[in-house]
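Geometric and topological summary
So you can see what is in the structure, the chains are spelled out below.
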Amino acid sequence: MIWERLQNMTNKVVAIDGPSASGKSTVARRVADALGWLYVDSGSLYRAVAWKALKDGIDVQSSEALADLSATTAPEFFVCEGAVRFRLDGVVLDRELRAERINRNVSPVAADPTVRARVTQWLHDMLLLGNLVMEGRDIGTAVFPASRHKFYLDASPEERARRRHAEMADVETDMSVGDVHASLNRRDTIDSRRMTAPLSVADDATIVDSTQMDIAGVVEFVVEHVKGVL
Ligand code: DC
């Protein structure tokens, strides 16, 4: 039923998937600005569920506890500065979602099938808000498999660790590039090996390796590609 509803809609989705720190956020945000579409960070929803679990003292390894948690978690979505944002338990979550304690706990949360079904439903509902540029791990493979605009962004593990370390400088100061590399590696391994919607390349996705590319080059490539298909 949800597919009928979605397929009847004229709003479109650009799916930008890839591993942690491959440049998805910056690229997706700029592509959204260039197209005048709404930017969506799907990972922030998994992070928000992890944030609520930690706040409410819920065991992120327990599927029963996560099922109860997802049933009672209800973010309120709104559009702000070209992006879909949300409020959870009265708080507009932002920087707190990037803390290392969330990084450490989000993968088991994101691996849980009940949590994934709930987040996927929220992501589908966002299509009512407008055309979307959505970044994540499973947007082209599982959330919007019928999208005609799918990109898989990648970069070498060393380059990804360097970028994420630079990004984190004002949030966490005590991690080395090596620590960040290990943390990314741990999460990517769990994200790629989980049973439900693992990180993988959609058959019809365009792969972009940004290791040697600057952001502007990647954005231009994606925007031109999307315009060519519209
Ligand atoms: O992109 P990120 O680092 O903020 O993602 C946080 C976690 O959520 C990470 O473990 C991957 C997972 N995730 C996912 O499984 N599916 C998505 N569409 C987006 C993120």
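On a predicted model such as this, the values are computed, not experimentally measured, just so you know.

Moving on, we come to the layout of surface pockets. In this structure, the largest pocket occupies an estimated 1,200 Å³ of space. Lining the largest pocket are 48 residues, with Ser25, Tyr39, Asp41, Arg98 and Glu135 sitting closest to its centre. Put simply, the parts of the chain that give the lining of the largest pocket at least two residues each are α2 (24–35), β2 (38–41), α3 (43–55), β4 (83–88), α5 (100–111), β6 (132–136), α8 (157–168) and α9 (177–193). Counting residues per element, the lining of the largest pocket draws most heavily on α3, which supplies five residues. Counted by class, the lining of the largest pocket contains 17 nonpolar, 11 polar and 20 charged residues.

What follows concerns empty space enclosed by the protein. Leftover empty space is mapped by rolling, across the atoms, a probe with the size of a water molecule. Applying the stated rule across the entire model yields one cavity of 30 Å³ or more. What the largest cavity holds in volume is close to 40 Å³. Secondary structure elements with two or more residues in the lining of the largest cavity: β1 (13–17), α7 (139–143) and β7 (149–154). With three residues, the top contributor of residues to the lining of the largest cavity is β7. Broken down by class, the residue content of the lining of the largest cavity amounts to six nonpolar, three polar and two charged.

Let us now look at α3. Structurally, the α-helix is built with 3.6 residues per turn, so residues lying three or four positions apart point the same way. In this model, α3 (13 residues) spans 18 Å end to end at C-alpha, consistent with the 18 Å of a helix rising 1.5 Å per residue. Among the 13 residues that make up α3, 10 are buried, leaving the element largely enclosed by the rest of the structure. Considered for burial, the residues of α3 that qualify are Ser44, Leu45, Tyr46, Arg47, Ala48, Val49, Ala50, Trp51, Lys52 and Ala53. One or two residues past the end of α3 sits glycine 57, with phi positive at roughly 70°.

Taken together, the neighbourhood of the ligand is formed by 16 residues, with Arg47, Arg116, Arg137, Asp138 and Arg194 sitting nearest. One of the side-chain nitrogen or oxygen atoms of arginine 116 is found 2.8 Å away from an oxygen atom of the ligand. For the ligand, whose unbound accessible area comes to 440 Å², protein coverage reaches 98%. In this structure the site holding the ligand corresponds to the largest pocket. Where the shell around the ligand is concerned, the elements lending two or more residues are α3, α5 and α9. Its residues placed into classes, the shell around the ligand shows four nonpolar, four polar and eight charged.

The next point concerns the pattern of salt bridges. In this structure the tally under the stated criterion is 14 salt bridges. Look at the salt bridges and you will find they share partners, linking Lys52, Lys55, Asp56 and Asp89 into a network.

Reading the values: rules and limits
Residues numbered from 1 in each chain as written. Predicted model: local features only at pLDDT ≥ 70, side-chain atom pairs only at ≥ 80, totals over all residues. Heavy atoms only, no water. 1 Å grid on protein atoms, 1.4 Å probe; cavity = no way out; pocket = protein on both sides within 12 Å on 5 of 7 lines; lining within 4 Å. Points joined across faces, edges and corners; volume = space filled by probe spheres on them. Helix = DSSP H or I, 4+ residues; strand = E, 2+ residues; numbered from the N terminus. Nonpolar A, V, L, I, M, F, W, Y, C, P; charged D, E, K, R; others polar. Expected span 1.5 Å × (residues − 1). Buried < 20%, exposed > 50% of the residue type's maximum accessible area, 1.4 Å probe, protein only. Near = heavy atom within 4 Å. Polar contact = N/O pair within 3.5 Å; in protein donor to acceptor, adjacent residues only side chain to side chain. Areas by Shrake-Rupley, 256 points an atom, 1.4 Å probe, with all protein chains shown as cover. Sits in = over half its atoms within 2 Å of the grid points. Salt bridge = Lys/Arg side-chain N within 4 Å of Asp/Glu carboxyl O.

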